[in-house]
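# Commentary on secondary and tertiary structure
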Amino acid sequence: MQGHEGRSRVFFSFWACRASSSFEEASSSSETAETGSGGDDPSSSSSPSSAAGGGGNPSDDAKKIFAAMDLAAKELVESANNSKKVTEAGNGSSTTHRGMILPDGEIIKKTSERLKDEETSESNEDEEAADKTTSKKKDDDKSDDNTASSSSSSSSSSSSSSDDEAKSSSSEAKDTKEKASTNSSSSSSSSEKKGESASASEIPQPQTPLPTFETVSTAAFRIRNGIRRTRTSRSEALSELAECNLFLKHEHDLPTGSFKERGARNALLCLTDEQRAKGVTCASAGNHALAVAKHAADLGITANVVMPTTAPLTKSSRCAQKGANVVLHGETIADAALYAKEHYVEGKGMTYINGFDDPAIIAGAGTVGLELVEDVENLDVIVVPTGGGGLLAGICLAAKTIKPSIRIIAVEAERMPSFSEAMKAGHPVKLKLTGATLADGLAVPCVGPTSLAVAAPLVDECVTVTENDIAIAVLRLMETEHVVQEGAGAVGVAAVLAGVISDIKGKNVAVPLCGGNIDTTVLGRVIDRALVSDERLARFSVVVSDRPGGIARLTRIVADAGASIKEIEHERAWQQEDLYAVEVILTVEVRGGDHLRELRDTFNEIIANNDGTIISWGSYRVE
């Protein structure tokens, strides 16, 4: 009797399950009822039926139990029919259906048949389990058995989990498909995550812990005896040109000519005794190498610096003068860095000091921001030259912590906007240099991940400047401030003068002059390019008579117009106007664009008069 009561409870659970799940329409429901419960394995149940095992016909007591059970089931199904529909996927199609209640006698009959089927299926399952040779876990084996048994009620009855007491074969089929779908989805999701992980592993990751305002403050204290405070001054001339109060911080006044000394000294002072003994190495286009060379020598540390072959000669020679071992390798800083790590870090155990992405370097550079906020009252905007991002990150930490309302503007060379591209992508991206740039110190193909992680949330605007903008900024600084800056050091001023920064009119704007190390030969070319961009140097040609006095009359016209001839060339063989004519190519210096156009108008008037002094414009003319 105890066994029958246990199995009755199982069957009651089956009906409760049917009521809560709402099975097929009448025809489908009848078919489901005939196949039995088809869901759970009684042998694995914790109910008393697991020990009873008895089969045969139900007793009279069992009939009473079944009658009570049937009444409860009817109530459950009636409630379900009024409130719930489900989608059944057991037969591969989506249909909505309702449950159906069998008469009492049919319940007893079907229950007896089901109990017999369960006993038969128990033995069948034992035989099937013995043949299993897969290496899956026990729970997975049960799930696989459950899937395989969906074609028959007896098989499905013996292969479900022990958590539920009974379910129909169609319900079991639905669960099986859902499990299969879930497993497939999990597998797919896992594969996708692996793909993302693999992709993410290729992206440079920031060093941890990230530098903070506290590390910047600590760096300021640490380097105070080795780095002197640089001056900050208001530029009257440039403020008028830019229509703002422009303050310049003269980082080029430091012994090696750039702000890089701050980070280099801080990083060197953070080394352990063991690291100092083995020495340091770095890769740089010049300024970071100079800073490491100088302060490593001051602290008695061996330094090996690797510079790209495009580094200015003045920087490489000065590094050697500071006592560092200088190696020229590769076309970019990235090439130089790879060489340094392979030959000195891996080969000799030296410590590599990144010029822009080391937390200690960022903290040291951040001391510029501390001084700017203190030097300039009511500072509104800081314009920061940006390459690898170390100076930008440091200034962001310092300035934004002290005065969050300060706007931080990142400025890059148009030919290498690595920080701007990283901001768009959300992670560092490697770029190819599209051409040589005057701002060689900023030509970093991939922004530092640590610098990006620090600066990205704090930067207010990113802008780029052209080569002409940079050249004009170098020229303006020489003429108005009597300051010589390299291209990278002048990009901040270039952005202000070019008008690419929004909303700075009438504001207090600070710009660090980052470096003054520029080859004299390069400086000459920069000045000439700037004069051309500023319309103060022009080249044109005219055709004049090749008879005596023809060129003399031309030079007199230029002189009377107030222009100065820098160069003059004669071309006879290639001009086709007249056998007795010559094309004269002039390079002249004028006061500016208006003056140049006045000279052009004078020539046009003389040509129109056709008096033979100037026959026509040549190959080059003033537009």
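Small disclaimer: the values here were computed from a predicted structure and weren't measured.

## With respect to the packing of helix 11 (residues 260–269) against helix 13 (residues 287–299)
Packing of helix 11 against helix 13 brings their axes to within 8 Å, and their N-to-C directions diverge by 45 degrees. Classified by the angle between their axes, helix 11 and helix 13 sit oblique to one another. The chirality of how helix 11 crosses helix 13 is right-handed. Residue-level inspection shows Lys 260, Glu 261, Ala 264, Arg 265, Leu 268 and Leu 269 of helix 11 in contact with helix 13, the latter providing Asn 287, His 288, Ala 291, Val 292, Lys 294, His 295, Ala 296, Asp 298 and Leu 299. Tallied by class, the residues present in the contact of helix 11 with helix 13 amount to 7 nonpolar, 3 polar and 5 charged.

## Brief notes about the confidence of the model for the protein chain
A low pLDDT means the predicted coordinates there should not be read in detail. Looking at the protein chain, the pLDDT average stands at 76 and 67% of residues meet or exceed 70. Segment residues 1–59: pLDDT under 50, and 139 contacts once partners within four positions in sequence are set aside and those in other chains are kept. In the predicted structure, residues 133–138 sits below a pLDDT of 50 and forms 3 contacts with residues beyond four places in sequence or in another chain.

## What to know about the pattern of salt bridges
Considering all chains together, one arrives at 25 salt bridges under this definition. With a shortest N-O distance of 3.6 Å, Lys 249 and Asp 375 are connected by a salt bridge. Residue Lys 249 is located in strand 4 (residues 245–250), and its partner Asp 375 is located in helix 16 (residues 359–375); the two are separated by 126 residues in the primary sequence. Residue Lys 249 is classed as buried on the basis of its relative accessible area, which comes to 0%.

## Considerations on helix 13
Under the 1.5 Å per step criterion, the end-to-end length of helix 13 is 18 Å for 13 residues, consistent within 8% with the ideal 18 Å. The buried count for helix 13 comes to 10 of 13 residues, which makes it a mostly enclosed element. For helix 13, the set of buried residues is Asn 287, His 288, Ala 289, Leu 290, Ala 291, Val 292, Ala 293, Lys 294, His 295 and Ala 296. Buried residues along helix 13 sit against helix 11, strand 5 (280–283), strand 6 (303–307), helix 14 (313–321) and helix 16. Gly 300 sits one or two residues past helix 13 and shows a positive phi near 75 degrees.

## Quick notes on the nonpolar core
When a protein is soluble and globular, its nonpolar side chains tend to lie buried together. The biggest cluster of nonpolar side chains holds 40 residues, and the ones touching the most others in it are Val 383, Val 496 and Val 509. Ranked by the residues each element gives to this core, the list is headed by helix 21 (residues 487–498), at 7 residues. Residue contacts for Val 496: discarding those within four places in its chain leaves Ala 242, Cys 244, Leu 246, Val 383, Ile 501, Ile 504, Val 509 and Val 511. Residues Val 384, Ala 393, Ile 395 and Leu 397 belong to the second largest nonpolar core, which totals 35 residues.

## Looking at the sheet that holds strand 13 (residues 537–545)
Pairing is antiparallel across the open sheet formed by 4 strands, whose spatial order is 14-15-13-16. Because the sheet does not close on itself, it has two edges, and the strands there are strand 14 (564–571) and strand 16 (616–617). Bridging between strand 14 and strand 15 (residues 581–589) involves 7 bridges; their strand directions are antiparallel. Each residue of the ladder has a partner; that of Ile 568, found in strand 15, is Leu 586.

## Some details on unusual backbone geometry
Within the chain, Asn 378 stands out as a residue other than glycine whose phi angle is a positive 55 degrees. You will see that His 482, though not glycine, has its phi angle at about 55 degrees, which is positive. Relative to the assigned elements, His 482 resides in the loop between helix 20 (467–481) and helix 21. Overall, His 482 belongs to the exposed group, its relative accessible area being 69%.

## Topic: helix 16
With 17 residues, helix 16 extends 25 Å from end C-alpha to end C-alpha; this agrees with the ideal 24 Å at 1.5 Å per step. Across the 17 residues that make up helix 16, a large majority, 15, are buried. Near the N-terminus of helix 16, the side chain that reaches the backbone nitrogen of Ala 360, with its oxygen 2.8 Å away, is that of Asp 358.

## Remarks on the environment of Asp 601
Structurally, Asp 601 is set in helix 24 (residues 593–609). Judged by relative accessible area, Asp 601 falls into the partly exposed class, the value being 40%. Spatially, the C-alpha atom of Asp 601 lies 9.3 Å from that of Val 622, the residues being 21 residues apart in sequence.

## Observations concerning the packing of aromatic side chains
Within the structure shown, the criterion is met by 3 aromatic pairs. Look at Phe 540 and Phe 603: their rings are 5.4 Å apart centre to centre, the planes differ by 75 degrees, and that puts the pair in the edge-to-face class. One end of the pair, Phe 540, is in strand 13; the other, Phe 603, is in helix 24, and 63 residues separate them in sequence. With relative accessibility at 0%, the residue Phe 603 sits in the buried group. Relative to Trp 617, the ring of Phe 603 lies with its centre 5.7 Å away and its plane at 50 degrees, an arrangement referred to as tilted. In this pair, Phe 603 is assigned in helix 24 and Trp 617 in strand 16, connecting sequence segments 14 residues apart. The rings of Phe 540, Phe 603 and Trp 617 are connected pair by pair, giving a single aromatic cluster.

## Focus: the packing of helix 20 against helix 21
At a closest axis distance of 7 Å, the pairing of helix 20 and helix 21 adopts a crossing angle of 95 degrees. Our classification of the angle between helix 20 and helix 21 gives roughly perpendicular. Contacts between helix 20 and helix 21 pair Asp 469, Ile 470, Ala 473, Val 474, Arg 476 and Leu 477 from the former with Gly 487, Ala 490, Val 491, Val 493, Ala 494, Leu 497 and Ala 498 from the latter. A per-class count over the contact of helix 20 with helix 21 returns 10 nonpolar, 1 polar and 2 charged.

## Let's talk about the environment of Gly 323
On the secondary structure map, Gly 323 appears in the loop between helix 14 and strand 7 (325–328). By relative accessible area, which is 65% here, Gly 323 ends up exposed. Residues Gly 323 and Ala 293 lie 30 residues apart in sequence; the distance between their C-alpha atoms is 6.7 Å.

What counts, and where the lines are drawn
Residues numbered from 1 in each chain as written. Predicted model: local features only at pLDDT ≥ 70, side-chain atom pairs only at ≥ 80, totals over all residues. Heavy atoms only, no water. Axes fitted to C-alpha atoms, helices over the stretch in contact; angles between N-to-C directions. Helix = DSSP H or I, 4+ residues; strand = E, 2+ residues; numbered from the N terminus. Parallel < 35°, antiparallel > 145°, perpendicular 65-115°, else oblique. Left-handed = near helix turned anticlockwise from the far one by under 90°. Contact = heavy atoms within 4.5 Å. Nonpolar A, V, L, I, M, F, W, Y, C, P; charged D, E, K, R; others polar. pLDDT = per-residue confidence, 0-100. Salt bridge = Lys/Arg side-chain N within 4 Å of Asp/Glu carboxyl O. Buried < 20%, exposed > 50% of the residue type's maximum accessible area, 1.4 Å probe, protein only. Expected span 1.5 Å × (residues − 1). Core = buried A, V, L, I, M, F, W, Y, C linked by side-chain atoms within 4.5 Å. Pairing = 2+ DSSP bridges. Polar contact = N/O pair within 3.5 Å; in protein donor to acceptor, adjacent residues only side chain to side chain. Phe/Tyr/Trp six-rings, centres within 6.5 Å; stacked < 30°, edge-to-face > 60°.

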